[in-house]
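Okay, here's what each chain looks like letter by letter:
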Amino acid sequence: MIIDGHCDVLWKMVEHPEIDFYDPHQTALDVSYAHVVKSDIKIQCFAIYLSEAVRQPRFDHYLEYINIFYRKVAQTDKWIVIKNKSDLEQVMNGTKRGAILTLEGADAINDHSLYTQILQLLGVRMIGVTWNHANWAADGVLEPRQSGFSNKGKRFIKECNDLGIILDVSHLSVRSFWDLADHSAKPIVATHANARAVCSHPRNLNDDQIRTLIRMEGRIGLTFVPSFASGGGSASIDSLLRHVEHICALGGEHNLVLGSDFDGIDTKIPGLEHAGHFANLTEKLSRYYSKESVEGFLFGNWHSFFAKNLPAL
Ligand SMILES: [Zn+2]
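The rules behind each value
- Position numbers for residues count from 1 along each chain, tracking the sequence in the order it is written.
- Thresholds applied to this predicted model are a pLDDT of at least 70 for local features of residues and 80 or more for the giving and counting of side-chain atom pairs; totals over whole chains, interfaces and linings are not thresholded and use all residues.
- To get the side-chain values, all heavy atoms of the structure are used, and hydrogens and water are removed first.
- Disulfide: a pair of cysteine sulfur atoms within 2.5 Å of each other.
- Every helix listed is a DSSP run of H or I at least four residues long, and every strand listed is a run of E at least two residues long, numbered separately from the N terminus.
- Helix axes use the C-alpha atoms of the stretch in contact, all axes being lines fitted to C-alpha atoms, and the angles between their N-to-C directions lie in the range 0 to 180 degrees.
- In these notes the angle categories are as follows: under 35 degrees is roughly parallel, over 145 is roughly antiparallel, 65 to 115 is roughly perpendicular, and the rest is oblique.
- Crossing handedness is defined as follows: a turn of the near helix away from the far one that is anticlockwise and smaller than a right angle gives a left-handed crossing, while the clockwise case is right-handed.
- Only heavy atoms enter the contact rule, under which two residues are in contact if any of them lie within 4.5 Å.
- Think of it as three bins: nonpolar holds Ala, Val, Leu, Ile, Met, Phe, Trp, Tyr, Cys and Pro, charged holds Asp, Glu, Lys and Arg, and polar takes everything else, Gly as well.
- Donor atoms (N, O, S) are those found within 2.8 Å of the metal centre, with the cutoff raised to 3.2 Å for Na, K and Ca; water is not part of the atom list, so apparent gaps in a site can occur.
- Only protein chains enter the accessibility calculation, which uses a 1.4 Å probe. A residue is then buried if its area is under 20% of the maximum for its type, exposed if over 50%, and partly exposed in between.

J.: Whenever I open this one, the state of the cysteines confuses me. Can you help?
T.: In a disulfide, the sulfur atoms of two cysteines are held together by a covalent bond. Counted by the stated rule, this structure contains zero disulfides. Sulfur of C45: no disulfide; nearest cysteine sulfur belongs to C7 and is 8.2 Å away. Here C248 stays unpaired: no disulfide links it, and the sulfur of C199, its closest cysteine neighbor, is 18 Å away.

J.: What exactly am I supposed to notice about unusual backbone geometry here?
T.: Glycine aside, residues mostly have negative phi, and peptide bonds are mostly found in the trans state. Of note in the backbone geometry, N110 takes a positive phi value of approximately 45° without being a glycine. Its place among the elements puts N110 in the loop between β4 (97-104) and α5 (113-121).

J.: Is there a simple way to think about the packing of helix α6 (residues 151-163) against helix α7 (residues 174-183) in this case?
T.: When two helices pack together, their arrangement is captured by the angle between the axes and the distance separating the axes. Contact geometry for α6 and α7: axes closest at 10 Å, N-to-C directions at 50°. As the angle between them shows, α6 and α7 are arranged oblique. α6 and α7 meet at a crossing whose hand is right-handed. From α6, K154, I157 and N161 reach across to α7, where they touch D179, L180 and H183. Among the residues making up the contact of α6 with α7, the classes are represented as two nonpolar, two polar and two charged.

J.: Please explain the coordination of the zinc ion as it appears in this structure.
T.: For a metal with four tetrahedral donors the ideal donor-metal-donor angle is 109.5 degrees, while six octahedral donors give ideal angles of 90 or 180 degrees. In this structure, E104 (OE), H171 (NE2) and H192 (NE2) serve as the protein donors to the zinc ion, at separations of 2.0 to 2.2 Å. Here the donor residues for the zinc ion map to a single chain with the spacing E-x66-H-x20-H. Remark: H192 occurs in the loop between β7 (189-190) and α8 (207-215) and H171 occurs in the loop between β6 (166-168) and α7; sequence separation between them is 21 residues. Under the relative-accessibility criterion, H192 is labelled buried at 1%.

Below, the structure written as structure tokens:
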């Protein structure tokens, strides 16, 4: 069983509406229904991604994703859209799979509380406030000034806390990370980022950040982006294992989760080319870690986090 905290398949489907998520013969998607079944992905998080190529972000860009998510992916005979704790337990104890709608890039919310509330009603349960650059709320990891959250952004943190929307640090600048850690009343997560001490990439987390996520009972999603896995030479599943080892050494055994970034990446780690390949990772992890630890990494740690942090109703 797998719980994956981040993929960009909705982005591919918005860009290429002809792609059929359920066609077992299509090869355009990393996360296809056939791959989900093959790897027994029990819960998949689906990101609404507001591309920075969109010069004037509008709320209906989000609606386009949400429309495709409900119509073309999360068909109700196969999926339960997880919005609260009871949906989560229904998925974990039943035969259907769980889909969680997430958002990467709050640009088009633009300080409109109504938009945040509507997104919450439509099912959005995690938000990464920025992509790589700055918006009205905060600076992203590649914004040259490397500033943190604006006052509006700080109000947005509280609003998400109150609505039961989990906040994701993945693309934030270092200062934005600390602003969020200071202002969030709820645990925060990195849905898709690795350890900077192992691979020095700006999208990876330094040890202080990892320790803080652990202390806040947050989660750190091991991600399969080759350039975040290995700084020099080619990335492999063994490179990912070095991140697992490092995060566990910092005390994160119960905080480490998965966030593949499938369909958001062009290059792949050999053996992890698409979402049908999780068994290769499981096999490698099982050589070095107990069954209990491996189950925690693959699904248990995400499950316990969602069980605690999704809204009750
Ligand atoms: Zn991302």
